[in-house]
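Commentary on secondary and tertiary structure
As a plain string of letters, each chain reads:
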Amino acid sequence: MDPVTALALAARSGDHRAVADLIAATEPDLRRLCALIGRRSEIDDLVQETYIRAVGALSAYRGEAPAKSWLFGIARHVCLDDLRRAGRQSALADRIRANHPRAHHPERSGEVAIAALLGALERDQLEAFVLTQLQGCSYEEAAQICDCAVGTIRSRVSRARARLVELVRAAEAS
């Protein structure tokens, strides 16, 4: 059993210190995930809402899946709920395109360039790519988080990679 799952199970049993340790152990990864799939301006609120929902649902957590995957699934739903409430379809791509010039300008920072490239991905591809390639989830964990088949995650990641290669080539040609 991984240490984060052990913390979640201890927290489920009412260990308040384990709750604090669980939050400390997962916050950096959770913030990164929310920044990539949610509204960047709302990261603090998205992370806070994820932990509120997670702590409220700890009694139902059985430890069958790694706690980090369980937590990422909650964060994904929090981000999607936030995007729906804000009335934003394709919000991440639109927001990045509106707020950041094209990624191929050499004077832009690497973070802006990466955000612009990721922002060009379809939402399902973005989620699969971020979870597996940036957050280190296995394809099985990502499938569980996204509530779809492993093969679906694999194809989404493949399409995301192909799209990113296409975008980089186009930027280099400009």
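Let me sum up the structure you'll find in this document. The numbers attached to residues start from 1 for each chain and follow its sequence in the written order. The predicted nature of this model means local features are confined to residues of pLDDT at least 70 and side-chain atom pairs, given and counted, to a pLDDT of 80 or more, with totals for whole chains, interfaces and linings taken over all residues. Side-chain metrics in this entry use all non-hydrogen atoms of the structure; hydrogen atoms and water are not considered.

**With respect to the packing of aromatic side chains**
Only centres within 6.5 Å qualify two rings of Phe, Tyr or Trp (six-membered ring in Trp) as a pair; their planes then separate them into stacked at under 30 degrees, edge-to-face at over 60, and tilted for everything else. Applying the stated rule across the entire model yields one aromatic pair. Placement of a charge over a ring requires the Lys NZ or Arg CZ to be within 6 Å of the ring centre, with the centre-to-atom vector within 35 degrees of the ring normal. In this arrangement the basic side chain of Arg-154 is found over the ring face of Tyr-139, its NZ or CZ atom lying 4.5 Å from the centre.

**Let's talk about helix α8 (residues 139–146)**
Here the term buried applies to any residue with accessible area under 20% of the maximum for its type, exposed to any over 50%, and partly exposed to those in between, with areas from a 1.4 Å probe on protein chains only. Strands here mean DSSP runs of E at least two residues long; helices mean DSSP runs of H or I at least four residues long; both are numbered from the N terminus. Buried residues of α8: Tyr-139, Ala-142, Ala-143, Ile-145 and Cys-146, and no others. End-on, the buried residues of α8 take up no more than an arc of 165°, which puts them together on one face. Contact definition: two residues touch when any of their heavy atoms are within 4.5 Å. Buried residues along α8 sit in contact with α4 (67–85), α7 (123–134) and α9 (150–173). For this quantity, the arc is that covered by the directions from the helix axis to the C-beta atoms.

**Description of the packing of helix α2 (residues 16–37) against α4**
Helix axes are fitted only over the stretch in contact, all axes being lines through C-alpha atoms; the angle between N-to-C directions runs from 0 to 180 degrees. Where α2 contacts α4, the axes come no closer than 10 Å and their chain directions differ by 35°. Considering how the two elements wind past one another, α2 and α4 form a crossing that is right-handed. The segment α2 lies against α4, with Thr-26, Asp-29, Leu-30, Leu-33, Cys-34 and Ile-37 engaging Lys-68, Leu-71, Phe-72, Ala-75, Arg-76, Cys-79 and Leu-83. Amino acids outside the nonpolar list (Ala, Val, Leu, Ile, Met, Phe, Trp, Tyr, Cys, Pro) and the charged list (Asp, Glu, Lys, Arg) are all regarded as polar, and Gly is one of them. A breakdown of the residues in the contact of α2 with α4 according to their chemical character gives nine nonpolar, one polar and three charged. By definition, turning the near helix anticlockwise from the far helix through less than a right angle yields a left-handed crossing, and turning it clockwise yields a right-handed one.

**Observations concerning the packing of α4 against α7**
Contact geometry of α4 with α7 gives a least axis separation of 13 Å together with a crossing angle of 150°. As the angle between them shows, α4 and α7 are arranged roughly antiparallel. The interaxial crossing formed by α4 with α7 has right-handed handedness. Of the residues in α7, those in contact with Phe-72, Arg-76, Cys-79, Leu-80 and Leu-83 of α4 are Arg-123, Glu-127 and Leu-131. In terms of residue class, the contact of α4 with α7 is made up of five nonpolar, no polar and three charged. Put simply, angles under 35 degrees are roughly parallel, angles over 145 are roughly antiparallel, angles from 65 to 115 are roughly perpendicular, and the rest are oblique.

**Section: unusual backbone geometry**
The phi dihedral of Asp-147 falls on the positive side, at around 55°, and the residue is not glycine. With respect to the helices and strands, Asp-147 occurs in the loop between α8 and α9. Judged by its relative accessible area of 69%, Asp-147 is exposed.

**Topic: the pattern of salt bridges**
Between Lys or Arg on one side and Asp or Glu on the other, a salt bridge is scored when a side-chain nitrogen of the former is within 4 Å of a carboxyl oxygen of the latter. Counted according to the given criterion, the structure contains 14 salt bridges. One salt bridge in this structure joins Asp-29 and Arg-32, with 2.2 Å as the shortest N-O distance. Residue Asp-29 and its partner Arg-32 are both found in helix α2; the two are separated by three residues, about one turn of the helix. Residue classification places Arg-32 among the partly exposed residues on the basis of a relative accessible area of 38%. Here Arg-53 ties to Glu-49 by a salt bridge, and the two come within 2.9 Å at their closest N and O atoms. Of this pair, Arg-53 and Glu-49 both sit in helix α3 (residues 43–57), separated by four residues, roughly a single helical turn. Here the salt bridges do not stand alone but share partners, grouping Glu-27, Arg-31 and Asp-44 into one network.

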